[in-house]
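Residues per chain, in single letters:
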Amino acid sequence: MQLKKYQERALDALDCFLSESVTKPHAVAYNIACQIGDPGFYASAYEPLRTLPRVPYCCLRLPTGGGKTLLGAHAVGIAHSHRVDGPQYPVALWLVPSAKIGEQTLDALKKPSHPYRQALDKAFGGNVRVLGIDERRQITPQDLASSAHVFVATIQSFRVAQAAQRNVYKDDENFEAFFKGRSLPDGLMRNEDGERTRENPRPGEISWSFANVMRLVRPIMIVDEAHNFVTGLSEETGARLDPSAIIEFTATPVRSNVIVSATAEELKAAQMIKLPIHLTQHAGWEAAIIHALQQRAGLDRIATDAKEPIRPIALYQAQARTEGAEATVDVIKAKLIEHGIAEEAIKVATGDQRELDGIDLFAEDCPVEHVITVEALREGWDCSFAYVFCSVANIQSATAVEQLLGRVLRMPFATRRPVEELNRAYAHVTGVGFHAAANKLRDTLVAMGFDERTARDEIIAQQASDAAAAVLPMPGRSPLPPVSLNSSPDLAAMPQQVRDAITVIGEGDGVSVVIDPEASDEVLDQIGETLAPLAGDGDPRPAIAAHVERRQAAATPSQKGEVFTMPGLVLEQYGELDLVEPTTLLDLAGWTLEGVEADLPGFAISETPDTVVVDVDEGQVRISRDNAQTTLQLEDETAWTASDLSRWLDRMTRQTDISQPVFLEYCRRAVVKLVEDRGFSLAALVRAKDVLRRAIAARVKELRAEAGQTGLQLLLDDIAPSLGIGDNGFTFAEGKYLPRKPYSGRYKWQKHFYPRPDDIKDDGEEYHCAIAIDEHPNVKHWVRNIVRGENAYWLPTSTDRFYPDFIAELVDGRRLVLEYKGGDRTSNDDSREKANIGARLEEISDGDIVFWMAEKSKDADFRARLDAKIGGGA
């Protein structure tokens, strides 16, 4: 499965954190990883776990629907690649919050065709074994030596409270081979003292328990939506297991160490979730049920007409069977049948009735269209065909709403549909006031991991009643009043775009129409002309015209349909003009490892005499140099040849820009040079193969950077790039700007090209710079560039892409590219390189582009220097 941009960013941040943690303090590694992951609001000082200070611990925050389990599968391979002195294959302990989620996770990880399993197989060459916690007794030391193992368990299985009652802590002769005749570390749990009994056959001795096996192998701990597990008493649990890394995935983190935070805008842009949510509040529960089933039927017709392989499902949250409850499960089912729904199309999922068990809701012949529940679908139920959520319980007191609503947000096949109605979610509620319902839904989205402003903006709220309708005011919107009509309009005669933009409420003489204020100017004009003859004295056209005028006056350039372009740096290669990428610079320098000296300057390993052979048939036990902790060594390094080690290095240190035969030969030459020229034994190199792997990766990175600098120098001196337009240019337009941290401060921007710039904090370092640009008379409009944004403007450097802070179009047609730096950062190598490439851009533009590496200074001085760069204006 192709990862989304934000998912790649999350895994890059994880890889960086774990890689840097090997040689640097975890707090330093965390800060470096945050530069990649951009956790935004969730960034804070690193907090090690109280009982596990040496274990790298981090959290990846993704809102509901962001693909946490898929990233967890990728995380296992990443974590193992940075394990020092670890075995060839890892053990992962995958902890989930409930048995139901455990069943689903286990089923997916075991299925060879599932993307989760494919991620594991790719990392370990298909040598993967996935087991439920109840299958743990099947393993042997030889099993762990021959394949990666993933154990899926609930958090409750390992709770230390009442550990004697947890099977994972009980003595089990099936695990004898992991302990018998081996030198064992401190910290292993012991059986209770006392008399020898059937339940306690070895009193006072080290327990042959699964938990102790985990402590020996130091598993990678994947924690799914279970932040409470790594706090308080649960830290003691972690200390007993002594994991090699703890990686948590959650939508709502409760402690620090968040290295990445994906936003709702990113998920929406990546086509992972359905947004916006259409919320309708009804006066009575029967009306809510009827509207929900009708909406599901309408969506089904749309999907059928569009030939979409989707069968929309409606999800109903019934009232619990308590005194005074009206809309219980049985009542709702009867109401659906009364309105013509076949009984086979209705399933009940409660604690007592589990009619969804064993049903594949994605099967083409599956008849299920309606699911009724109370709270049973809160966890472990996932079907992206669910589009309509109807709650007839009190939305203010129903604790299940958060998880239930999450069931209708996932996008089918993670791909937006051509028909817009199938890209949205729909919610019907009853029992509370109109605004209270909208506010509660907003709060629910925030609790699911969406930022508060997005939660507000992505709710389209409508109040269904017999008399009137209303639209909840949204930031930047001018709601239109409902239109009262003398008679019902003929919907069939209206164009589709008009029907989509109105909601008709009531019938006969009491008809009113709610108009979507976000409809296009053309559609609003059509609506006015269509409704005017039916509105009598309440002609809606003046109100519509005023609304359009206000909207146009307040619109940003992007909202007005304007386009702002920036040329990129291009070179002619193979008869075509292509953007200059960092890889282009490598090509200019003739980057290759063929013939390159395979030395590893500074490489050294330190071995202690603690290694002892216990049983050659079962491998070795090696005492690590980390506080004398034992790591099971389940392979015989003396059986390795130089070719074996070279192939392992090639497989575990993949280089995407170097062909496999060339890199394999480089690895072989590096191994031979260490053995023949520097006197290392091959067995020692095998024992330290992870250290060697990192040394080779670091050396290749160093050689690549040197080649990149050579290529960049050629670009600056000898080879003249040109400015690219069209496919080789950068276009800023509506829909091409997705801020991860939209501005929410007090300043009202006048010239920003989009409604809200990204990542500007009031009184922050770049805030006054942005205001100076915004207020300058020579600036037509500007953009706060998004670092690593999908449509962001960038220039090449020797190792990466450079994303200038601000891009502006000037009144005279010139472009301004501005990078803002603190005074202490303008003289380092990275800044000098950026300044050089910016100067080259300005040079070849013949004055059409102004580049400025601005240094932090007082406001008045900055404004004066900006005048000097682009002119003082009138």
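Calculation notes
- Residues numbered from 1 in each chain as written.
- Predicted model: local features only at pLDDT ≥ 70, side-chain atom pairs only at ≥ 80, totals over all residues.
- Heavy atoms only, no water.
- Salt bridge = Lys/Arg side-chain N within 4 Å of Asp/Glu carboxyl O.
- Helix = DSSP H or I, 4+ residues; strand = E, 2+ residues; numbered from the N terminus.
- Buried < 20%, exposed > 50% of the residue type's maximum accessible area, 1.4 Å probe, protein only.
- Contact = heavy atoms within 4.5 Å.
- Pairing = 2+ DSSP bridges.
- Axes fitted to C-alpha atoms, helices over the stretch in contact; angles between N-to-C directions.
- pLDDT = per-residue confidence, 0-100.
- Parallel < 35°, antiparallel > 145°, perpendicular 65-115°, else oblique.
- Left-handed = near helix turned anticlockwise from the far one by under 90°.
- Nonpolar A, V, L, I, M, F, W, Y, C, P; charged D, E, K, R; others polar.
- Polar contact = N/O pair within 3.5 Å; in protein donor to acceptor, adjacent residues only side chain to side chain.

Draft legend 1. Spotlight on the pattern of salt bridges. Following the criterion strictly, the structure yields 46 salt bridges and no others. Its salt-bridge partner being Arg740, residue Asp38 comes within 3.8 Å of it at the nearest N-O pair. Taken together, the positions of Asp38 in the loop between helix H2 (26-37) and strand S1 (57-61) and Arg740 in the loop between strand S23 (722-732) and helix H23 (767-775) put the pair 702 residues apart, joining distant regions of the chain. Looking at Arg740, the relative accessible area reads 12%, which means it is buried. A salt bridge links Arg424 to Glu420, with the shortest nitrogen-to-oxygen separation between them at 3.7 Å. A network of salt bridges, in which partner residues are shared, links Asp38, Arg740, Lys741 and Asp759.

Draft legend 2. Spotlight on the environment of Arg840. The topology assignment puts Arg840 in helix H24 (residues 829-844). Look at Arg840 and you get buried, because its relative accessible area is 8%. Residues Arg840 and Phe851 lie 11 residues apart in sequence; the distance between their C-alpha atoms is 9.1 Å. Residues in contact with Arg840, not counting those within four places in the same chain, are Leu715, Leu716, Asp717, Ile719, Ala720 and Pro721.

Draft legend 3. Quick look at the sheet that holds strand S18 (residues 564-573). The strand order S19-S18-S23 describes an open sheet built from three strands, whose pairing is antiparallel. A single partner strand is all that each edge strand has here, and the edge strands are strand S19 (576-579) and S23. The sheet shows a mean angle of 50 degrees between the axes of neighbouring strands, direction not considered.

Draft legend 4. Spotlight on unusual backbone geometry. With a phi angle near 50 degrees, Asp242 is a residue other than glycine that sits in the positive phi range. Of note, Asp846 is a non-glycine position whose phi angle comes to about 55 degrees, a positive value. Topologically, Asp846 is positioned in the loop between H24 and strand S29 (849-855). You can call Asp846 exposed: its relative accessible area is 71%.

Draft legend 5. Quick peek at the confidence of the model for the protein. Averaged over the protein, the pLDDT score is 81; the fraction of residues at 70 or greater is 83%. Low pLDDT, under 50, characterises residues 395-402; the predicted model gives this stretch 21 contacts beyond four residues in sequence or across chains. Across residues 465-478, confidence stays below pLDDT 50; counting only partners more than four residues off in sequence or on other chains, it has 38 contacts.

Draft legend 6. Highlighting the packing of helix H19 (residues 642-652) against helix H22 (residues 689-717). Closest axis-to-axis distance for the H19/H22 pair is 10 Å, and the angle between their directions is 60 degrees. The angle between the axes of H19 and H22 places the two elements in the oblique class. Classified by chirality, the crossing of H22 by H19 is right-handed. Where H19 abuts H22, its residues Leu645, Trp648, Leu649 and Met652 lie against Lys689, Asp690, Leu692, Arg693 and Ile696. Within the contact of H19 with H22, the residues separate by chemical class into six nonpolar, no polar and three charged.

Draft legend 7. Structural detail: the side chain of Asn423. Of note, Asn423 is situated in the loop between helix H12 (401-406) and strand S13 (425-430). A relative accessible area of 1% means that Asn423 is categorised as buried. A polar atom in the side chain of Asn423 sits 2.7 Å from the backbone nitrogen of Arg417. Among all residues touching Asn423, those that are not within four sequence positions of it are Lys274, Leu275, Met411, Arg416 and Arg417.

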